[in-house]
Amino acid sequence: MKLRTRLATLLLAMSSTPLAFAAAPDAAKTLDYIHHAWPTLTRRMDDCSAFGKGPGDTQLAIYLPHQLPMPDDLPRIAKTCHVEVRRLPQSIHQLGAFDPATLPVQGLLYLPHPYVVPGGFFNEMYGWDSYFIELGLLADRHEALARDMVDNALFEVQHYGGVLNANRSYYLSRSQPPFLGAMMAALLADPAGFHDEADKRAWLAQAYPLAVRNHDLWTGGEHRAGDTGLSRYFDYGHGPVLEAHDASYYQGVIRWLLAHRAQDPGYLLKASQHPDAAEAERLKTASCDIAASKACADAWVDGYRLTADYYLGDRAMRESGFDTDFHFGPFAGSTHHYASVDLNSLLYRYERDLHDFAAALGKTAAAAHWQQAAAARKAAMDKYLWQPAQGMYMDYDFVAGKPSTDPYLTMFYPLWAGAASAAQAQALHGKLPLFEQRGGLAMSTRATGAQWDAPFGWAPTNWLATKGLEDYGFDTDARRIAAKFMATVDRGFADDGTIREKYNMASGNADVKVTAGYTQNVVGFGWTNGVYLELHRLSESAPAKTATP
């Protein structure tokens, strides 16, 4: 506990105070830092480390699932940590079945096992971060903790309706990019992940139906992308997100739109700052409920509010993990209008994984079902997402009935997922110059000031693209990009002794200046640590081919 406290204090100090002088980049020092960082990022409820307040929390509270028996040690832990134990008022079998806005206070959601957090102020187990963290844990031989992470994700499906954005009560309305199948597959493939084959099979038999339940939330209800046969991101809440403790973010969106009126897709709504009862009633449908949300009430600038459709897109953007980008409209306010390449690639991979799980369990009919589901998704991806004239996968606006015209790095996800044909892979390979810069792969081809656009690059998207290129035989390119991104992390670590959430691909360091949306570059950082280890392993492995096709 004392060591963790000292390390956490050191990280916090480093995040705001650069070292007096920068050292030379040294991969060995970066690796040593990562090897020793996991305890600092690990949270467990029996030492109070998980109980920091989240954004918007007014008091320390932890929620138990409605029907879960009280864990033996929790009352003692809650007393020691000064946390109030509450119970969710109903069982939750799927996202959208319960409105977290009805809770009297927001708080942490109970998880039974230790977990690794991203870093900085992120003090929860996050949905898609956990996959890349798990890869790092397995690479660093922390198999038990990696299994704990997967088991926690399955617990969320069982008791909270799906793998959540993170284990906070205000996230009960949304998930994050679906990596559960890939998490299970990575654990199952690790030789030390289980005690023996009997343990592995018993675990898979219990996990498989939960993995199916989590998959199905993406193919029904509001997650369907019209009649395309594809899926979209969608949050089941309304209006400003519950974790917004004030309206400052949304006021910033309004100000930007007012300053760039030609780029407003229709997100602005003329309205009063202090509407009367009749207007307030109309705003419940046209914008948001000012009586139910202070953030909604205060989200007004110079005669304008934001539309209800914008808020749906804002929430979907947060489920996508790309918060914030301008690829799906300004501040990603149209995210829910798109069948996106990334989501449908992940679901294709998920369906292939489910096929393998079912086959391993002897479920022949189920395996055939998942094989057919994956084939149908690939056909829909080829129909709506693949643009043969451009040689690229592009997100499809199923509301407007047309593809995006803005290239995005997620076009390489189908390589990681195995959804691209050899010809499609070859065409995609030719698009690398659109994104490749000194530091690795940038998210997009245009700088908007948002953190998920150029010139910024992130560990998970660099890894997925690099691994996909390697899987299709583009080994030289995969190793070149891996070396670039690792060198960027090395330079950042040499500059200030930290590993960061995101990096500047143009400059090849951690000099990130975001002007739209979230501006911090958080220290830690779980998924960067995991991806660095995987890129290092890729670079050290013998290439399958020596020449780029």
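For the structure itself, consult the block above.
Given the structure is predicted, the values throughout are model-derived calculations rather than measurements.

Asks: Hey, could you go over the packing of helix H6 (residues 180-189) against helix H12 (residues 341-360) for me, with residue numbers and the actual values?
Replies: Closest axis-to-axis distance for the H6/H12 pair is 8 Å, and the angle between their directions is 45°. Considering the angle they form, H6 stands oblique to H12. Viewed along their axes, H6 and H12 form a crossing whose handedness is left-handed. Contact residues: H6 offers Leu180, Gly181, Ala182, Met184, Ala185 and Leu188, while H12 offers Tyr350, Asp353 and Phe357. Residue composition of the contact of H6 with H12, by class: seven nonpolar, one polar and one charged.

Asks: Please give an account of the nonpolar core that cites residues and values.
Replies: Residues Met184 and Trp203 are the most contacted members of the largest nonpolar core, which totals 152 residues. For methionine 184, the residues in contact, after removing those within four places along its chain, are Val150, Leu154, Trp203, Leu204, Ala207, Tyr208, Ala211 and Phe357. With 26 residues, the next largest nonpolar core counts Val241, Tyr250, Ile254 and Ala450 among its residues.

Asks: Describe helix H7 (residues 197-216), and please don't skip the residues or the numbers.
Replies: Look at H7: 28 Å from first C-alpha to last across 20 residues, which is about the 28 Å you get at 1.5 Å a residue. Most pronounced at alanine 207, the bend in H7 amounts to some 30°, and the proline proline 209 follows within four residues. Of the positions making up H7, those classed as buried are Asp199, Trp203, Leu204, Ala207, Tyr208, Leu210, Ala211, Val212, Asn214 and His215. The elements touched by buried residues of H7 are helix H5 (143-160), H6, H12 and helix H13 (364-384). Where H7 begins, the capping side chain belongs to aspartate 196, and its oxygen is found 3.2 Å from the backbone nitrogen of alanine 198.

Asks: Please provide a residue-by-residue account of the pattern of salt bridges, values included.
Replies: In total, this model carries 30 salt bridges according to the counting rule given. The partner of lysine 513 in a salt bridge is aspartate 511, with the nearest N and O atoms 2.5 Å apart. Look at lysine 513 and you get exposed, because its relative accessible area is 60%. One salt bridge connects glutamate 534 with arginine 537, and the closest N-O pair in it is separated by 2.6 Å. Taken together, the residues glutamate 534 and arginine 537, both in helix H18 (residues 526-540) and three residues apart, mark about one turn of the helix. Shared partners join several salt bridges into a network, and the residues in it are Lys467, Glu470, Asp471, Asp475 and Arg479.

Asks: Describe the sheet that holds strand E4 (residues 108-109), and please don't skip the residues or the numbers.
Replies: In space, the three strands of this open sheet follow the order E3-E2-E4, with parallel pairing throughout. The open sheet is flanked by strand E3 (84-87) and E4, the only strands paired with a single partner. Of the strand pairs in this sheet, strand E2 (residues 61-64) and E3 are connected by four bridges, and their pairing is parallel. Bridge pairing links alanine 61 to glutamate 84 in E3.

Asks: For the sheet that holds strand E11 (residues 396-397), give the residues involved together with the corresponding values.
Replies: With antiparallel pairing, the three strands of this open sheet are ordered in space as E8-E11-E12. At either margin of the open sheet sits one strand with a lone partner, and together these are strand E8 (338-339) and strand E12 (402-403). As paired elements, E8 and E11 share two bridges and run antiparallel to each other. The residue of E11 that forms the bridge with alanine 339 is tyrosine 396.

Asks: Let's hear about the packing of H5 against H7: which residues, and what values?
Replies: The N-to-C vectors of H5 and H7 enclose an angle of 40°; their axes lie 9 Å apart at closest approach. The angle between H5 and H7 falls in the class oblique. Both H5 and H7 take part in a crossing whose hand is left-handed. Contact residues: Arg147, Val150, Asp151, Leu154, Val157 and Gln158 in H5; Asp199, Trp203, Ala207, Leu210, Ala211, Arg213 and Asn214 in H7.

Asks: So what about unusual backbone geometry? Which residues, and what values?
Replies: Of the consecutive residues aspartate 323 and threonine 324, the connecting peptide bond is found in the cis state with omega at 15°. Residue placement: threonine 324 occurs in the loop between helix H11 (308-320) and E8. The step from alanine 454 to proline 455 runs through a cis peptide bond, and the omega angle for that step is 5°. The backbone phi angle of arginine 141 is positive, close to 65°, even though this residue is not glycine.

Asks: Can you explain the state of the cysteines? Please cite residues and give values.
Replies: Under the criterion given, the structure shown has two disulfides. The residue that forms a disulfide with cysteine 48 is cysteine 81, at a sulfur-sulfur distance of 1.8 Å. Between cysteine 48 and cysteine 81, the S-S torsion sits near -85°, and that sign places the bridge as left-handed. Of the two residues, cysteine 48 is situated in the loop between strand E1 (42-43) and E2 and cysteine 81 in helix H3 (residues 74-81); the sequence distance between them amounts to 33 residues. Residue cysteine 48 is classed as partly exposed on the basis of its relative accessible area of 29%.

About the cut-offs
Residues numbered from 1 in each chain as written. Predicted model: local features only at pLDDT ≥ 70, side-chain atom pairs only at ≥ 80, totals over all residues. Heavy atoms only, no water. Axes fitted to C-alpha atoms, helices over the stretch in contact; angles between N-to-C directions. Helix = DSSP H or I, 4+ residues; strand = E, 2+ residues; numbered from the N terminus. Parallel < 35°, antiparallel > 145°, perpendicular 65-115°, else oblique. Left-handed = near helix turned anticlockwise from the far one by under 90°. Contact = heavy atoms within 4.5 Å. Nonpolar A, V, L, I, M, F, W, Y, C, P; charged D, E, K, R; others polar. Core = buried A, V, L, I, M, F, W, Y, C linked by side-chain atoms within 4.5 Å. Buried < 20%, exposed > 50% of the residue type's maximum accessible area, 1.4 Å probe, protein only. Expected span 1.5 Å × (residues − 1). Bend = angle between axes of the 7 residues up to and from the residue. Polar contact = N/O pair within 3.5 Å; in protein donor to acceptor, adjacent residues only side chain to side chain. Salt bridge = Lys/Arg side-chain N within 4 Å of Asp/Glu carboxyl O. Pairing = 2+ DSSP bridges. Disulfide = S-S within 2.5 Å.

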